[in-house]
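Structure at a glance
Chain residues, written in single-letter form:
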Amino acid sequence: VGPIFYIHLKCEKGNEGEINMNSVISATTNGVYGARVRQSKRDQFLETADGCLTYAYERFEEGAYDEAMEYAYRAALRTAGAVCSDSPVIQKRKRLPRSAWKKLALTGKGGERWANVFESFSRERGRVASGIEHMPPADRVAQLLEQAEQFYLEALPAGNGVAA
């Protein structure tokens, strides 16, 4: 009787993209067999946004409101990137604004609404990030966290859609 080959299914990231659930990783050779699925830009942005939101909530619970604000804002920026990456309006335009919020506003009424929400946090976030303000008020950070999470949930493929 020859060696026993143990094979299991696993999802992991690689430089070329992600391995899907149809990929098999051999326990004896550690080789990967099967089709690789390339992660879309939208999915990459949403994955990063999710991580930023998780960290923002952790920092908020620990009372580090400055870091919570920064990461909640980053989550909103990554979510905006996800929405813009799929927008036909953004893809067709030759000259785009440099501001992520102005780009988001071009994606439709929902994008415009969210752009206005997050632009209102932009100046305050800048003051905190540059050290001019040391600790933003907890209620303001909680408001940003709530808005960033709601935006993220709407941007998910199963969500309501932002550009509606």
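For the structure, see preceding data.
Rules and cut-offs
- Residues numbered from 1 in each chain as written.
- Predicted model: local features only at pLDDT ≥ 70, side-chain atom pairs only at ≥ 80, totals over all residues.
- Heavy atoms only, no water.
- Helix = DSSP H or I, 4+ residues; strand = E, 2+ residues; numbered from the N terminus.
- Buried < 20%, exposed > 50% of the residue type's maximum accessible area, 1.4 Å probe, protein only.
- Contact = heavy atoms within 4.5 Å.
- Areas by Shrake-Rupley, 256 points an atom, 1.4 Å probe, with all protein chains shown as cover.
- Core = buried A, V, L, I, M, F, W, Y, C linked by side-chain atoms within 4.5 Å.
- Salt bridge = Lys/Arg side-chain N within 4 Å of Asp/Glu carboxyl O.
- Expected span 1.5 Å × (residues − 1).
- Arc of directions from axis to C-beta.
- Phe/Tyr/Trp six-rings, centres within 6.5 Å; stacked < 30°, edge-to-face > 60°.
- Lys NZ or Arg CZ within 6 Å of the ring centre and 35° of its normal.

Attention now goes to the overall build of the chain. Scanning the chain for helices and strands turns up six helices and six strands. Expressed as a percentage of the 164 residues in the chain, the buried residues total 33%. The long-range share in the chain, meaning contacts at least 24 apart out of those at least 6 apart in sequence, stands at 49%. Carbon and sulfur atoms make up 51% of the accessible area of the chain, which amounts to about 10,100 Å² in all.

The subject of this paragraph is the nonpolar core. Counting 31 residues, the largest nonpolar core has Trp 101, Leu 104, Phe 118, Leu 144, Leu 145 and Phe 151 as the members making the most contacts within it. Where this core is concerned, the elements lending two or more residues are α1 (41–61), α2 (65–85), α4 (100–105), α5 (109–129) and α6 (138–155). Here the element with the most residues in this core is α2; it accounts for 10 residues. If near-sequence neighbours (up to four positions away) are discounted, Leu 144 is found in contact with Met 69, Ala 72, Tyr 73, Phe 118 and Phe 121.

Here we take up the pattern of salt bridges. Evaluated as defined, the whole model comprises nine salt bridges. Residues Arg 74 and Glu 70 are paired through a salt bridge, measuring 2.9 Å at the closest nitrogen-oxygen approach. Here Arg 74 and its partner Glu 70 are both found in helix α2, four residues apart, which amounts to about one turn of the helix. The partner of Arg 127 in a salt bridge is Glu 133, with the nearest N and O atoms 3.2 Å apart. With relative accessibility at 31%, the residue Arg 127 sits in the partly exposed group. For Glu 133, a relative accessible area of 25% gives the class partly exposed. Within this structure, Arg 59, Glu 62 and Glu 67 form a network of salt bridges that share partners.

Over its 21 residues, α1 extends 30 Å from the first C-alpha to the last, a length consistent with the 30 Å expected when each residue adds 1.5 Å. Of the residues making up α1, those classed as buried are Arg 42, Leu 46, Ala 49, Cys 52, Leu 53, Ala 56, Arg 59 and Phe 60. Across the axial projection of α1, the buried residues extend over an arc of 145°, all falling on one side. Lining the buried residues of α1 we find α2 and α6. Of the residues one or two after α1, Gly 63 is the one with positive phi, at around 85°.

Once that is clear, we can look at the packing of aromatic side chains. In the structure shown here, the tally under the stated rule is seven aromatic pairs. Both rings, one in Phe 60 and one in Tyr 65, keep their centres 5.1 Å apart while their planes meet at 55°; by these two values the pair is tilted. Residue classification places Phe 60 among the buried residues on the basis of a relative accessible area of 19%. Overall, Tyr 65 belongs to the partly exposed group, its relative accessible area being 23%. Judged by centre distance (5.7 Å) and plane angle (80°), the rings of Tyr 73 and Trp 101 are edge-to-face. Of the two residues, Tyr 73 sits in helix α2 while Trp 101 sits in helix α4, which places them 28 residues apart along the sequence. Per residue, the accessibility class of Tyr 73 equals that of Trp 101, and both read buried. Chaining the aromatic ring pairs together yields one cluster made of Tyr 73, Trp 101, Trp 114, Phe 118 and Phe 151. Positioned above the aromatic ring of Tyr 71 is the side chain of Arg 74, whose terminal nitrogen or guanidinium carbon lies 4.7 Å from the ring centre.

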